[in-house]
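Analysis of the macromolecular model
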Protein chains: 2
Amino acid sequence: MEKIRRNERMSAMMKILADSPNHIFTLSYFCEMFGAAKSTMSEDIDILRDVVKTFGLGELETVTGAAGGVRYRAKVTAKDAIAYVQSLCDQLSGTERVLPGGFLYYSDILSNPEIVHRMGNILATTYYDAAPDFVLTMETKGIPVALATANALGVPLVIARHSSRVYEGSAVNINYVSGSSHAIETMSLSRRAVQEGQKALIVDDFLKGGGTAKGMVDLMHEFNVTVVGMAFVMETVAPEKKRVNGEKALMTLEISTEEDGAAVIRPAAWLAEELG
Amino acid sequence: MEKIRRNERMSAMMKILADSPNHIFTLSYFCEMFGAAKSTMSEDIDILRDVVKTFGLGELETVTGAAGGVRYRAKVTAKDAIAYVQSLCDQLSGTERVLPGGFLYYSDILSNPEIVHRMGNILATTYYDAAPDFVLTMETKGIPVALATANALGVPLVIARHSSRVYEGSAVNINYVSGSSHAIETMSLSRRAVQEGQKALIVDDFLKGGGTAKGMVDLMHEFNVTVVGMAFVMETVAPEKKRVNGEKALMTLEISTEEDGAAVIRPAAWLAEELG
């Protein structure tokens, strides 16, 4: 095999690590791939760690111990996170996207691959330490951002449905009270989807009263799964009291009661407080 | 600014290019970022192109002309695509995943970030040349793989719903005949979601009779949008005649009529014929 140079090794390694966020690769894996000594690979990784940090591309971490190696985490700094969320708020604020009834149109934002990728990285940054085994969302609008978050965390996505379907096999159904309309709704999840004792991170697009979020928490209890966090793209300022606690939303939404009915959207306060 | 070395520049450039597939970055963009001359950056890119190719990480393309620069495409070789799809077929075949009524459970596969990323790259490889403006899917199960395909193509994802919702604004509804059950169903898409004259790639999880796919084609006609392709994760062998033509599915499914009722799943023939 032709000798592989450092710049070639490092570029390939960067791509491979970033393609599987939060996945630990052993040094031996890369030694074999590149036909290089462990000491050489360690040096490569040291340089790569600095590159990733310098250019704000996430974080490279060395994990020691028997199952040790190196992993990439799609971490975002507080400064970058706030700047990005602010740019989304600027796009969404105003009267243009307000629909009859005071609803906000932002489906395009929620299914834009680049935007959900950025939002998913911010949410994942907050929950890497909680180490969820999977991300749970309720169909439909939150699926893309939940997938992006699951991707950054290196875990599967699990999707709860409004009703059980033939292609999901036996399922657990629960009823919950919609937070805003007080209607009784059903939520369904395949028995095969999760295992007892796992840890779930709930991710969804929108939090108003918190009825659906509370339903997802109850659903997880049925499976004996612990909920380690709840993250949303947007939450409404009113009602202040939600049916759930401890949730983190990227943005807060208020529809102005002034005549123009404009949407006032702001980055959430916790972004500045909690992210490195 | 401290002098940035080639290995550092190349690693950072790899990450930035791969984070925005199919997006053209100008040389000037990287020159400014790294404080390097154009000739130096050209050399970097030449080396990076070989790295990406050697390690099967996709393709780096130089685009000439006024809007020229360099772009990363998540292209997969026929060999890698077939090997990967075969590994999925092996996971899904057999009796374990067959549900009452002859349905196949594979929701876990359809919402696994790493798997949909790989499937999305294979589908995107097939449709880079068709240059769709967006990917269209119908809620719910196809959303993750459609998002991954849209990401690899560098275009937005558009999601059609079963019914129009208040938060989608004014919408176009069409009725279509479900291919297998012959029931009349409704499909709805926000008027704001797409523009006249655009090109759509349809991506969904499953094709049986083709009723839903046909519905999506009709929906696009309502918007004066051209459908440049239709891609699916899986299609059934029967019925042989679908309501649409020219579709490409990654796998074919046959539920054995023998007593054991096992699922027989195979990589589609076009993978070998069409991918480089």
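Quantities reported herein were computed from a predicted structural model and do not represent experimental measurements.

Before going further, it helps to examine helix H8 (residues 211–222) of chain B. Residues and elements named next belong to chain B. The end-to-end C-alpha distance of H8 is 17 Å, a good match for the 16 Å that 12 residues give at a rise of 1.5 Å each. Buried residues along H8 sit in contact with strand S5 (134–138), strand S6 (157–160), strand S7 (171–177), strand S8 (184–190), strand S9 (199–207) and strand S10 (226–236). Where H8 ends, the next residue or the one after it, Asn 224, has phi of about 55 degrees, a positive value.

Further remarks concern the sheet that holds S6(B). Residue and element names in this part refer to chain B. Strand order in this open sheet of 6 strands is S6-S5-S9-S10-S11-S12, and the pairing throughout is mixed. The open sheet terminates on both sides in strands that have one partner only, identified here as S6 and strand S12 (263–267). Between one strand and the next, the sheet's axes are offset by a mean angle of 25 degrees, whatever the strand orientation. Summarising the sheet, strand S11 (residues 248–255) and S12 pair through 5 bridges and their orientation is antiparallel. Each residue of the ladder has a partner; that of Thr 252, found in S12, is Arg 266. On top of the sheet, H8 reaches S5, S6, S9 and S10; it is set at about 165 degrees to S9, its chief contact.

Before going further, it helps to spend a moment on the relation of the copies chain A and chain B. Taken together, a rotation about one axis and a shift along it account for how the two chain copies relate. By a simple turn and slide, chain A fits onto chain B: the slide is 0.0 Å along the axis, the RMSD is 0.0 Å, and the turn is 180 degrees. On the angle and the small slide along the axis, the relation comes out as a two-fold axis. A symmetric contact is evident, with 100% of the interface residues of chain A recurring at the interface of chain B.

Once that is clear, we can look at the pattern of salt bridges. Overall, the coordinates contain 32 salt bridges over all chains when judged by the stated rule. B:Asp44 serves as the salt-bridge partner of B:Arg6, at 2.6 Å between the closest nitrogen and oxygen. Residue B:Arg6 is found in helix H1 (residues 6–19), and its partner B:Asp44 is found in helix H3 (residues 38–54); the two are separated by 38 residues along the sequence. Take B:Arg6: its relative accessible area is 24%, and that puts it in the partly exposed class. The class for B:Asp44 is buried, based on a relative accessible area of 0%. Through salt bridges with shared partners, one network takes in A:Glu59, A:Glu61, A:Arg71, A:Arg73 and A:Lys75.

Turning our eyes to something else, we now look at the packing of aromatic side chains. All chains considered together, the criterion is met by 12 aromatic pairs over all chains. Ring centres of A:Tyr106 and A:Phe206 lie 6.5 Å apart, and the angle between their planes is 55 degrees; this geometry places the pair in the tilted category. Here A:Tyr106 is found in the loop between strand S4 (103–104) and helix H5 (107–110), whereas its partner A:Phe206 is found in strand S9 (residues 199–207), with 100 residues between them in sequence. Through successive ring pairs, a cluster of aromatic residues spans A:Phe25, A:Tyr29, A:Phe30, A:Phe34 and B:Phe55. In this arrangement the basic side chain of A:Arg118 is found over the ring face of A:Tyr84, its NZ or CZ atom lying 4.1 Å from the centre. The ring of B:Tyr105 has A:Arg192 lying over it, and the distance from NZ or CZ to the ring centre is 5.1 Å.

We now examine the sheet that holds strand S6 (residues 157–160) of chain A. Strand pairing within a sheet occurs via backbone hydrogen bonds; the two strands may be parallel or antiparallel. Residue and element names in this part refer to chain A. A sheet is described by the order of its strands in space; here 6 strands give the open sequence S6-S5-S9-S10-S11-S12, paired in mixed fashion. Sheet topology places S6 and strand S12 (263–267) at the edges, where each strand pairs with a single neighbour. Strand-to-strand twist in this sheet, taken as the mean axis angle between neighbours without regard to direction, amounts to 25 degrees. Where S9 meets strand S10 (residues 226–236), 8 bridges bridge the pair, whose relative direction is parallel. Its bridge partner lying in S10, Ile 202 is registered against Met 230. Packed on one face of the sheet, helix H4 (residues 78–92) meets S10, strand S11 (248–255) and S12 and runs near 175 degrees to S12.

This next bit is on the interface of chain A and chain B. Listed as interface residues are 54 residues of chain A and, on the opposing side, 54 residues of chain B. When chain A packs against chain B, close to 4,400 Å² is buried across both sides, 68% of that on carbon and sulfur atoms. Taken together, the connections running from chain A to chain B amount to 0 salt bridges. Counting across the interface, chain A meets chain B through 10 residue pairs in polar contact (both at pLDDT 80 or more). Elements that contribute at least two residues to the side of chain A that touches chain B include exactly helix H1 (6–19), helix H2 (27–34), helix H3 (38–54), S4, helix H6 (113–127), helix H7 (143–153) and S6 of chain A. In terms of residue class, the side of chain A that touches chain B is built from 31 nonpolar, 10 polar and 13 charged.

Of the consecutive residues A:Ala238 and A:Pro239, the connecting peptide bond is found in the cis state with omega at -5 degrees. Note on placement: A:Pro239 falls in the loop between S10 and S11. Looking along the chain, the bond that leaves B:Glu139 and enters B:Thr140 is cis, with omega of 10 degrees. Along the chain, B:Thr140 falls in the loop between S5 and helix H7 (143–153). Its identity is not glycine, yet A:Asn22 carries a phi of approximately 70 degrees, on the positive side. Mapped onto the elements of the fold, A:Asn22 is located in the loop between H1 and H2. On the basis of relative accessibility, which here comes to 22%, the residue A:Asn22 falls in the partly exposed class. Look at A:Asn224: it is not a glycine, yet its phi comes out positive at around 55 degrees. With respect to the helices and strands, A:Asn224 occurs in the loop between helix H8 (211–222) and S10. By relative accessible area, A:Asn224 is classed as partly exposed at 45%.

Conventions used here
- Residue numbers restart at each chain and count upward from 1, following the sequence in its written direction.
- A letter from A marks each chain and a number from 1 marks each ligand, given out in the order of writing.
- Confidence filtering applies because this is a predicted model: local features only for residues at pLDDT of at least 70, side-chain atom pairs given and counted only at 80 or more, and all residues used for totals across whole chains, interfaces and linings.
- Side-chain numbers come from the whole structure's heavy atoms, not from hydrogens or water.
- Helical segments are the DSSP runs of H or I of at least four residues, strand segments are the runs of E of at least two, and each set is numbered from the N terminus.
- An expected span of 1.5 Å times one less than the residue number is assigned to each helix.
- We call two residues in contact whenever any of their non-hydrogen atoms come within 4.5 Å of each other.
- Whether two strands pair comes down to DSSP finding at least two bridges between them.
- The convention used is that axes are lines fitted to C-alpha atoms, helices contributing only their stretch in contact, and that angles between N-to-C directions extend from 0 to 180 degrees.
- A least-squares fit on C-alpha atoms brings the copies together, and the residues used are those whose pLDDT is at least 70 in both copies.
- We define a salt bridge as a contact between a side-chain nitrogen of Lys or Arg and a carboxyl oxygen of Asp or Glu at a distance within 4 Å.
- Working definition: with a 1.4 Å probe on protein chains only, accessible area under 20% of the residue-type maximum means buried, over 50% means exposed, and in between means partly exposed.
- Note on aromatic pairs: the rings of Phe, Tyr and Trp (six-membered ring only in Trp) are paired at centre separations within 6.5 Å, and the planes decide the class, stacked below 30 degrees, edge-to-face beyond 60, tilted for the rest.
- By definition here, charges over rings are those cases where NZ of Lys or CZ of Arg is within 6 Å of the ring centre and within 35 degrees of the ring normal.
- Here the quantity called buried area is the total loss of accessible area, with a 1.4 Å probe, experienced by two parts when brought into contact, counted for both.
- Within 3.5 Å is the distance limit for a polar contact, defined as a pair of N or O atoms, with the added protein rule that one can donate a hydrogen and the other accept it, and that residues adjacent in sequence qualify only through two side-chain atoms.
- Amino acids outside the nonpolar list (Ala, Val, Leu, Ile, Met, Phe, Trp, Tyr, Cys, Pro) and the charged list (Asp, Glu, Lys, Arg) are all regarded as polar, and Gly is one of them.

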